[in-house]
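# Results of the structural survey
As a plain string of letters, each chain reads:
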2 protein chains.
Amino acid sequence: MSKKPLILITNDDGITAPGILALIEVMETLGDVVVVAPDSPQSGMGHAITLNNVLHLDKVSKPGDKTLQYSCSGTPADCVKIAINEVLDRRPDLCVSGINHGSNSSINVIYSGTMSAAIEAGIEGIPAIGFSLLNYSWDADFEASKKYIKQIAENALKNKIAEGIILNVNIPDLKKKELKGIKVCRQAKANWKEKFDKRQTPQGRDYYWLTGEFVNYDKGTDTDEYALQNGYISVVPVQYDLTAHHYMQHLNTWQFEK
Amino acid sequence: MSKKPLILITNDDGITAPGILALIEVMETLGDVVVVAPDSPQSGMGHAITLNNVLHLDKVSKPGDKTLQYSCSGTPADCVKIAINEVLDRRPDLCVSGINHGSNSSINVIYSGTMSAAIEAGIEGIPAIGFSLLNYSWDADFEASKKYIKQIAENALKNKIAEGIILNVNIPDLKKKELKGIKVCRQAKANWKEKFDKRQTPQGRDYYWLTGEFVNYDKGTDTDEYALQNGYISVVPVQYDLTAHHYMQHLNTWQFEK
């Protein structure tokens, strides 16, 4: 058995996305890599899991390939579950998801398939990180981000990550010399102002496309949005205990009867 | 314009589920009600949104019906977005989601379509509550839960809910006299031990069903799982700022270079 760390890679853009190829390249310098990723794009899937349909799992790497690769018909969270239970013969030391084509900063973490895969691994007790580049294009250039992704993954392998915590890493779409370094941040308070683009089918039935404009309400200088706008890579520690502990006392003042 | 509070209702089991009919019945005693719910079951959808497909929205209530009802082809989170932007002519005073057929306590909140709809409303600044009954059956009896749902919704209308907070309410599947009251709780530390049921198609191709067993690791007596097991309705305040603020200082000890 290899002494190298075992690294599980997944994403939400699908196994053929350039972003996951860049992530595989970096992780192959750090350990033994296994890829289990969706067979088609899964953007905006949030933490969906497949309960009402079956899952297919296909080995797509060939004998002699450096890295085992599987495609799965499910969501990013499904990929992590099936990887751990049906593909890997030991527990991974790290799970990395991405590199997403597009931002998962601030409120986007909630909608993100990339982060849901990392969070799923975290729930299973595996140190996990989601990586995203702020460029939605299939032709995005991941070159400048590789050095920082390697640093963060190396730190996670060395220092571990506390139970219940997952790292959400976003990278500005800048050239190597323009990137200013890594900043630990909190999630900015922001949301999407939706706009539905209403159209008609050729048969005259109304339908809608969901579109929207991102609005950052947060003036703080310790947020991920601020770091990204100023040329820094943002690292936000996120948790899946959603309890607003500070609000429990207030709720106990509400009037409830048996 | 009505002086009554406007209450938006949605769910993840679909607009024909008995659970949403029970919720409509309770909310009609508290305000003007509009329903925008998925046209088909969306369990396990997490916080998915529809980015790569179009959305259909159909009025399903008839002229003279007490309550306006629309079905939407999207996810629970889509339903809330389209309701606010395309259906309602004023901001709702409350958004309620459910009553879900099955538990959304502890880690289930992460996978829950019911809670994702409530959280989406919370992100939009609308006080919101998700309700779930611990019975997965379509024949579940929602009668005993109605009194408590009404109390919690009345409190939310009267006291509001702080910005950034959404209530996750779970109800044991018990008779009226067995229910012991309402408890404010934290999310228990629990997860699912997955088991993939591997089968073969008639053509001999492998496929999998995702199944699993729920495991509660949390010995605390202040958790939602503990309350539910002891006959109480659990109310957990949840937040969509996922930042693990307490872990930021530790991450700053990691070795990052520019």
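About the thresholds
Sequence order as written defines residue numbering, which begins from 1 separately in each chain. To label them, take the chains in the order written and letter them from A, then take the ligands in the order written and number them from 1. The model is predicted, so local features are restricted to residues of pLDDT at least 70 and side-chain atom pairs to those at 80 or more, both for listing and for counting; the totals for chains, interfaces and linings are taken over all residues. With hydrogens and water excluded, all non-hydrogen atoms of the structure serve as input to the side-chain values. UniProt positions are given in the numbering used here, feature names are shortened, and annotations may be inferred rather than shown by experiment. All copies are superposed by least squares; the fitting set is the C-alpha atoms of residues with a pLDDT of at least 70 in both. Criterion used throughout: strands pair if DSSP finds at least two bridges between them. Only runs of H or I of at least four residues qualify as helices and only runs of E of at least two qualify as strands under DSSP, and these elements are numbered from the N terminus. Salt bridge, as used here, is a side-chain nitrogen of Lys or Arg placed within 4 Å of a carboxyl oxygen of Asp or Glu. We call a residue buried when its accessible area falls under 20% of the maximum for its residue type, exposed when it is over 50%, and partly exposed in between, using a 1.4 Å probe and counting protein chains only. Between rings of Phe, Tyr and Trp, where Trp is taken as its six-membered ring, a pair exists when centres lie within 6.5 Å; planes separated by under 30 degrees are stacked, by over 60 edge-to-face, and by other angles tilted. Counted as over-ring charges are cases with an Arg CZ or a Lys NZ within 6 Å of the ring centre that also lie within 35 degrees of the ring normal. Throughout, an axis means a line fitted to C-alpha atoms (over the contacting stretch in the case of helices), and angles, computed between N-to-C directions, take values from 0 to 180 degrees. Residues are treated as being in contact if the distance between any of their heavy atoms lies within 4.5 Å. Accessible area, probed at 1.4 Å, shrinks when two parts are joined; the buried area is that loss added up over both. In the analysis that follows, any N or O atom pair within 3.5 Å is treated as a polar contact, provided that within protein one partner can donate a hydrogen and the other can accept it, and provided that, for residues neighboring in sequence, both atoms belong to side chains. The nonpolar class holds Ala, Val, Leu, Ile, Met, Phe, Trp, Tyr, Cys and Pro. Asp, Glu, Lys and Arg form the charged class, and all remaining residues, Gly among them, are polar.

- Per an unreviewed UniProt entry, chain A carries the name 5'-nucleotidase SurE and comes from Olleya namhaensis.
- According to the UniProt record, the Subcellular location (unreviewed entry) comment for chain A is "Cytoplasm".
- Of chain A, the UniProt comment under Catalytic activity (unreviewed entry) reads exactly: "a ribonucleoside 5'-phosphate + H2O = a ribonucleoside + phosphate".

## Let's talk about the relation of the copies chain A and chain B
- Structural alignment of chain A on chain B gives an RMSD of 0.0 Å, achieved by rotating through 180° and translating 0.0 Å along the axis. Between the two chains, the operation in question is that of a two-fold axis.

## Let's talk about the pairing of strand β9 (residues 190-200) of chain B
Residue and element names in this part refer to chain B.
- By the bridge criterion, eleven bridges tie β9 to strand β10 (residues 206-216) in an arrangement that is antiparallel. The residue of β10 that forms the bridge with Q200 is D206.
- In this structure, the hairpin formed by β9 and β10 is closed by a connection of five residues, where G204 is found at a positive phi of approximately 90°.

## Re the pattern of salt bridges
All names here are of chain A.
- On inspection of all chains with the given rule, the structure shows 24 salt bridges over all chains.
- For E120, the salt bridge identified is with K81, shortest N-O distance 3.1 Å. Here K81 lies in helix α2 (residues 76-87) and E120 lies in helix α4 (residues 113-123), a separation of 39 residues in the sequence. When sorted by exposure, E120 lands in the same class as K81, which is buried.

## Digging into the packing of aromatic side chains
Residues and elements named next belong to chain A.
- A full pass over the atoms with the stated rule returns six aromatic pairs over all chains.
- Where F196 meets Y208, the ring centres are 6.1 Å apart and the plane angle is 90°; that geometry is what we call edge-to-face. In this pair, F196 is assigned in strand β9 (residues 190-200) and Y208 in strand β10 (residues 206-216), connecting sequence segments twelve residues apart.
- By relative accessible area, which is 7% here, F196 ends up buried.
- Taking relative accessible area as the criterion, Y208 reaches 5% and is therefore assigned buried.
- Here K183 stacks its cationic end above the ring of Y232, 4.4 Å away from the centre of that ring.

## Considerations on the sheet that holds strand β4 (residues 68-72) of chain B
Residue and element names in this part refer to chain B.
- Pairing is mixed across the open sheet formed by nine strands, whose spatial order is β3-β4-β2-β1-β5-β6-β7-β11-β8. Only two strands of the sheet have a single neighbouring strand rather than two, namely β3 (57-59) and β8 (181-184). Strand-to-strand twist of the sheet, defined as the mean angle between neighbouring strand axes without regard to direction, takes the value 20°.
- Bridging between β8 and strand β11 (residues 232-239) involves four bridges; their strand directions are parallel. Bridge assignment links I182 to a residue of β11, and that residue is I233.
- Running at roughly 145° to strand β5 (residues 94-101), helix α1 (residues 18-27) makes contact with β1 (6-10), β2 (32-38), β4, β5 and β6 (128-133) of the sheet.
- Sheet strands in contact with helix α2 (residues 76-87) are β1, β2, β3, β4 and β5, and its direction is about 135° off that of β2.

## Brief notes about the interface of chain A and chain B
- Residue-level contacts link 83 residues of chain A with 83 residues of chain B.
- Between chain A and chain B the total buried area reaches about 7,700 Å² when both faces are included, carbon and sulfur atoms providing 61% of it.
- Taken as a group, L242, W254 and K258 of chain A account for 10% of the area that chain A buries against chain B, more than any other trio of residues on that side.
- The interface formed by chain A and chain B contains six salt bridges.
- For the pair chain A and chain B, the interface holds 40 residue pairs in polar contact (both at pLDDT 80 or more).
- The leading source of residues in the side of chain A that touches chain B is helix α5 (residues 146-159) of chain A, at eight residues.
- Taken together, the residues of the side of chain A that touches chain B break down into 41 nonpolar, 22 polar and 20 charged.

## Examining the UniProt feature "binding site: a divalent metal cation" (unreviewed entry) in chain A
- Here the UniProt feature "binding site: a divalent metal cation" (unreviewed entry) sits at D12, D13, S43 and N100 of chain A. Spanning 89 residues, the annotated positions come together in the fold, the maximum distance between their C-alpha atoms being 9.1 Å.
- Along the chain, S43 of chain A falls in the loop between β2 (32-38) and β3 (57-59).
- The partly exposed category is assigned to S43 of chain A, whose relative accessible area is 26%.
- Apart from the residues within four sequence positions on either side, S43 of chain A is in contact with D12 and D13 of chain A together with L51 and N52 of chain B.
- Polar side-chain contacts of S43 of chain A include one of 3.4 Å to the side chain of D13 of chain A.
- Note that N100 of chain A resides in strand β5 (residues 94-101).

## Brief notes about the side chain of T75 of chain A
All names here are of chain A.
- With respect to the helices and strands, T75 occurs in the loop between β4 (68-72) and α2.
- By relative accessible area, T75 is classed as buried at 4%.
- Among the polar contacts listed, one links the side chain of T75 to the backbone oxygen of A48, at a separation of 2.7 Å.

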